[in-house]
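Survey of secondary and tertiary structure
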Amino acid sequence: MSDTTSNQMWGGRFAAGPDAIMEAINASIGFDQRMAAQDIAGSRAHAAMLGATGIVSPSDVEAIRKGLLTVLSEIETGAFVFSTALEDIHMNVESRLTEVIGTPAGRLHTARSRNDQVATDFRLWVRDQLDAADAGLVALMRALLGQAEAGADWVMPGFTHLQTAQPVTWGHHMMAYVEMFARDLGRVRDARSRMNESPLGAAALAGTSFPIDRHMTADALGFDRPMANSLDAVSDRDFALEFLGAASICAMHLSRFAEELVIWSSAQFRFVTLSDRFSTGSSIMPQKKNPDAAELIRAKIGRIFGANVALMMVMKGLPLAYSKDMQEDKEQVFDAADSLMLALAAMEGMVRDMTANRAALERAAASGFSTATDLADWLVRVLDLPFRQAHHVTGALVALAEKKDCDLPDLTLADMQGVHEGITEAVFEVLGVHNSVASRLSHGGTAPLRVREQVARWKEILG
């Protein structure tokens, strides 16, 4: 077979043959250049340690320090030219450092490997994303607290199966999401605490014979300690998986809330009005105001879930220690982090800007026999009926109201006594939605008093 025929078989993009294919599959600079700042931070810490331990001369360390700052400046200003032939961010930086300072650059890689280098870079990058997620969650929780405080006593329907169940308060509904996102915040902080150990100094997989000081580099990079096992240090990606796991659960919460905002902003509900900043119009229907930001949050969540599964699949069959498969860890995490941060920011903006329609909420709360449970509870408390009998009586009264095409409070006392003669005028005191929510004073209940207590508690926690 001729070379021409062979090249055609590789296809147009790889017309140069197998070498081009190997370069394309092996190179990661197209995406790992995002870790440039972390790579240079790790190199600066490593160089300083090499100098402090006498492994590299002070003059060479100073040249390396200045050279790395020059390279970082070039990257930040966009002047740096990344090369696919140099494979990754590590080799791109080292090559440019050599051009800038010459021979001393060759001493930087003493007592380390690209294996511990990339593990350090990636861990630093993920730690930054956990910090960003922390800030985004706190901002979203504060926005929800603002809504909850404003509407602590606004009544709305509470749903199960998306059917009217019992009246709750707008504030109580907002606080439910505060609790959800607080758990996400806890997972983010827990993951950060566990991952904050330094792989640097593990070298290829077995450590090094040079007298390095791993505690020094760990401290310089803000880690709590060096990782205890060099094999684990270069092959662990649990920190990335924990980030994706926490991101996935948070994303699920964001998607649930986004779904509610889509429903609530519809013409059939009109519970909320989203601001123009987070809505779009229709190209053909002038009356439309589409909740596109909420819908896009709902859709982007799939990318985060997918990244979580993808990295699990990459890692599941890898023996110790490092394998090139791990190059496939970063794109998934980068994409998931981008999607999560965007979704958090968009949700926080929507929550801050949205306006709840108090009148529509109250109308909906009063419909659908939402106080039936209050009626059943009253029959138990006042008439001392067994709950099952009270449930049966209440069901009969609901059926009567349906037949009369009215709600429970609209039935007359005579209507009610026709179902159970013991019912008195006092029953109407529990049938109003405001009375209903005010009575739910149990811990965690929807009563405005409890909502305001929880708002105050979380404002104090968040500071």
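Residues numbered from 1 in each chain as written. Predicted model: local features only at pLDDT ≥ 70, side-chain atom pairs only at ≥ 80, totals over all residues. Heavy atoms only, no water.

Packed helix pairs are specified by the crossing angle of their axes together with the interaxial distance, meaning the distance between the axes. Viewed as axis vectors pointing N to C, helix α8 (residues 170-195) and helix α11 (residues 238-264) meet at an angle of 165°, and their least axial separation amounts to 8 Å. By the angle between their directions, the pair α8 and α11 is classed as roughly antiparallel. Between α8 and α11 lies a crossing whose hand is left-handed. Residues Trp170, His173, Met174, Tyr177, Met180, Phe181, Arg183, Asp184, Arg187, Ala191, Arg194 and Met195 of α8 form the contact with α11, whose own contacting residues are Phe239, Glu242, Ala246, Ile249, Cys250, His253, Leu254, Arg256, Phe257, Glu260 and Trp264. Residue composition of the contact of α8 with α11, by class: 14 nonpolar, two polar and seven charged. (Axes fitted to C-alpha atoms, helices over the stretch in contact; angles between N-to-C directions. Helix = DSSP H or I, 4+ residues; strand = E, 2+ residues; numbered from the N terminus. Parallel < 35°, antiparallel > 145°, perpendicular 65-115°, else oblique. Left-handed = near helix turned anticlockwise from the far one by under 90°. Contact = heavy atoms within 4.5 Å. Nonpolar A, V, L, I, M, F, W, Y, C, P; charged D, E, K, R; others polar.)

In this section: the pairing of strand β2 (residues 163-169). With six bridges connecting them, strand β1 (residues 155-160) and β2 associate as antiparallel partners. Residue pairing across strands places methionine 156 opposite valine 168, the latter belonging to β2. (Pairing = 2+ DSSP bridges.)

The subject of this paragraph is unusual backbone geometry. The linkage connecting leucine 320 with the following residue, alanine 321, adopts the cis geometry, with an omega of 10°. Mapped onto the fold, alanine 321 is located in the loop between α12 (292-315) and α13 (329-353). Non-glycine residue glutamate 87 carries a positive phi angle of around 70°. Secondary-structure assignment places glutamate 87 in the loop between α5 (58-77) and α6 (89-101). The partly exposed category is assigned to glutamate 87, whose relative accessible area is 22%. You will see that arginine 270, though not glycine, has its phi angle at about 55°, which is positive. Looking at the element boundaries, arginine 270 is found in the loop between α11 and β5 (272-273). (Buried < 20%, exposed > 50% of the residue type's maximum accessible area, 1.4 Å probe, protein only.)

The next thing to look at is the side chain of threonine 394. Relative to the helices and strands, threonine 394 is located in helix α16 (residues 387-404). For threonine 394, a relative accessible area of 5% translates into the label buried. A polar atom in the side chain of threonine 394 sits 2.8 Å from the backbone oxygen of alanine 390. With residues up to four places along the chain from it excluded, the contact list for threonine 394 reads Ala372, Leu375, Ala376 and Leu379. (Polar contact = N/O pair within 3.5 Å; in protein donor to acceptor, adjacent residues only side chain to side chain.)

With that settled, the discussion passes to a nonpolar patch on the surface. Residues Leu205, Leu231 and Leu320 make up a contiguous nonpolar surface patch of about 270 Å² in total accessible area. Tracing the chain through its elements places leucine 231 in helix α10 (residues 230-235). Residue class for leucine 231 comes out partly exposed when judged on its relative accessible area of 33%. (Patch = residues over 30% accessible without salt bridge, like charges linked within 9 Å, V, L, I, M, F, W, Y side chains within 5 Å. Areas by Shrake-Rupley, 256 points an atom, 1.4 Å probe, with all protein chains shown as cover. Salt bridge = Lys/Arg side-chain N within 4 Å of Asp/Glu carboxyl O.)

What follows concerns the packing of aromatic side chains. One pass over the full model with this rule turns up 10 aromatic pairs. Here phenylalanine 122 and phenylalanine 239 contribute two aromatic rings whose centre-to-centre distance is 5.5 Å and whose plane-to-plane angle is 70°, an arrangement assigned as edge-to-face. Of this pair, phenylalanine 122 sits in helix α7 (residues 114-150) while phenylalanine 239 sits in helix α11, and the two are 117 residues apart along the sequence. Each of the two residues, phenylalanine 122 as well as phenylalanine 239, counts as buried. A centroid spacing of 5.1 Å and a plane angle of 80° characterise the contact between phenylalanine 269 and phenylalanine 271, whose relative ring orientation is edge-to-face. Joined through ring pairs, the aromatic side chains of Phe159, Trp170, Trp264, Phe269 and Phe271 make up one cluster. For arginine 127, the ring lying beneath its charged end belongs to phenylalanine 223, and the centroid distance is 4.9 Å. Here lysine 330 stacks its cationic end above the ring of phenylalanine 122, 5.4 Å away from the centre of that ring. (Phe/Tyr/Trp six-rings, centres within 6.5 Å; stacked < 30°, edge-to-face > 60°. Lys NZ or Arg CZ within 6 Å of the ring centre and 35° of its normal.)

Right, let's talk about the nonpolar core for a bit. In terms of nonpolar packing, the biggest core is built from 80 residues, with Trp170, Phe181, Leu254, Phe257, Leu340 and Met347 touching the most fellow members. Secondary structure elements with two or more residues in this core: α7, α8, α11, α12, α13, α14 (358-365) and α20 (448-462). With near-sequence residues (within four places) excluded, phenylalanine 257 lies in contact with Leu144, Met174, Tyr177, Phe181, Trp264, Met347, Val351 and Met354. Counting residues in hydrophobic clusters, the runner-up holds 18 residues, among them Ala372, Leu379, Ala401 and Leu408. (Core = buried A, V, L, I, M, F, W, Y, C linked by side-chain atoms within 4.5 Å.)

One way to put it is that helix α4 (residues 36-52) packs onto α7 with a least axis distance of 9 Å and a crossing angle of 120°. With respect to each other, α4 and α7 are oriented oblique. In terms of crossing hand, the pair formed by α4 and α7 is right-handed. Across from Gln38, Asp39 and Ser43 in α4, the residues of α7 making contact are Gln117, Asp121, Leu124, Trp125 and Asp128.

Further remarks concern the pattern of salt bridges. Per the stated rule, a full pass over the model turns up 28 salt bridges. The residue lysine 66 makes a salt bridge to glutamate 62 at a minimum N-O spacing of 3.8 Å. Of this pair, lysine 66 and glutamate 62 both sit in helix α5, four residues apart, roughly one helical turn. Here arginine 194 and glutamate 242 are joined by a salt bridge, their closest N and O atoms 2.8 Å apart. Of the two residues, arginine 194 is situated in helix α8 and glutamate 242 in helix α11; the sequence distance between them amounts to 48 residues. One continuous salt-bridge network, built from bridges that share partners, spans Glu62, Arg65 and Lys66.

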